[in-house]
Amino acid sequence: MNDKILVTYASKYGSTQEVAEAVAKTLREKGLNVELQRAAKVQTIEPYSAVVLGAPMYIGHFHGDARKFLARHQTALATHKTAFFALGPTEDNEKDWIETRKQFDQELANMPWFNPLARELFGGKMDPARFRFPDNLLTLLPASPLHNMPASDARNWDKIRAWAEGLAEQLI
Ligand SMILES: Cc1cc2nc3c(=O)[nH]c(=O)nc-3n(C[C@H](O)[C@H](O)[C@H](O)COP(=O)(O)O)c2cc1C
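All values derive from a computational prediction rather than experimental measurement.

Asker: Honestly, the UniProt feature "domain: Flavodoxin-like" (unreviewed entry) in the protein in this entry has me stumped. Any pointers?
Answerer: UniProt tags residues 5-168 as "domain: Flavodoxin-like" (unreviewed entry). In residues 5-168, helix accounts for 37% and strand for 23%; the two terminal C-alpha atoms are 10 Å from one another.

Asker: Sorry if this is basic, but what is going on with unusual backbone geometry here?
Answerer: What you tend to see is this: most non-glycine residues have negative phi, and most peptide bonds are trans. Omega for the peptide link from Phe-133 to Pro-134 comes to 0°, which places this bond in the cis form. Here Pro-134 shows up in the loop between β7 (125-126) and α5 (135-138). Phi at Ile-59 takes a positive value of approximately 50°, unusual for a residue other than glycine. Mapping Ile-59 onto the fold places it in the loop between β3 (50-58) and β4 (61-62). A positive phi angle is found at Asn-148, which is not glycine, with a value near 60°. In this structure, Asn-148 sits in the loop between α5 and β8 (152-153). Taking the relative accessible area as the measure of exposure, Asn-148 reaches 64% and is therefore exposed.

Asker: Can you help me understand the packing of aromatic side chains in this one?
Answerer: Pairs of aromatic rings are described using the distance from one ring centre to the other and the angle between the two planes. This model, assessed by the stated rule, comprises nine aromatic pairs. Here Trp-113 and Phe-114 contribute two aromatic rings whose centre-to-centre distance is 5.8 Å and whose plane-to-plane angle is 50°, an arrangement assigned as tilted. Its relative accessible area of 5% is what places Phe-114 among the buried residues. For the ring pair Phe-122 and Trp-163, a centre distance of 5.7 Å and an interplane angle of 80° mean the geometry is edge-to-face. Remark: Trp-163 occurs in helix α6 (residues 157-171) and Phe-122 occurs in strand β6 (residues 118-122); sequence separation between them is 41 residues.

Cut-offs applied
Residues numbered from 1 in each chain as written. Predicted model: local features only at pLDDT ≥ 70, side-chain atom pairs only at ≥ 80, totals over all residues. Heavy atoms only, no water. UniProt positions renumbered as here; feature names shortened; annotations may be inferred. Helix = DSSP H or I, 4+ residues; strand = E, 2+ residues; numbered from the N terminus. Buried < 20%, exposed > 50% of the residue type's maximum accessible area, 1.4 Å probe, protein only. Phe/Tyr/Trp six-rings, centres within 6.5 Å; stacked < 30°, edge-to-face > 60°.

What follows is the structure in structure tokens.
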């Protein structure tokens, strides 16, 4: 068995990619042999002994690239150690966290075959000035939760690094 670990991610605006980079860096500092790749680009997970997948929440679901990754590699994932993280709430608001935690649990419950050794929800980052179509339209609709939403970054890097440090022992 090889000992290479794949850290892979879905990301639309880059914030989940940055978290995946931080997770990969921490695992490398712990001495692990890590490759980092966008989920949509991964052809096979056979070269790896473990897979860490990260995905942002979009409208109540994990980003489509992460869901497609899981569907494409379902059989192979059964023989790999796995860990999973998602990004969601962009503000430190308890109501948002409770709501996203429900989305997160529901999405994982829809895939009972996917049983990561570790799973975590982190805060996300949002910068409406950078939104592309169709997300930019949501900022214009008064009824949308994104209407007049200020830019915010709720990623807690200490929490992210601590989670990745804990992962190192579980993945080897
Ligand atoms: C159009 C849109 C929909 C979103 N929907 C949700 C959601 O349903 N639940 C949630 O917790 N976060 C939601 N978010 C917040 C994102 O998960 C967060 O901004 C994340 O950091 C984005 O990751 P990315 O930069 O890698 O694309 C949404 C963001 C946008 C722009």
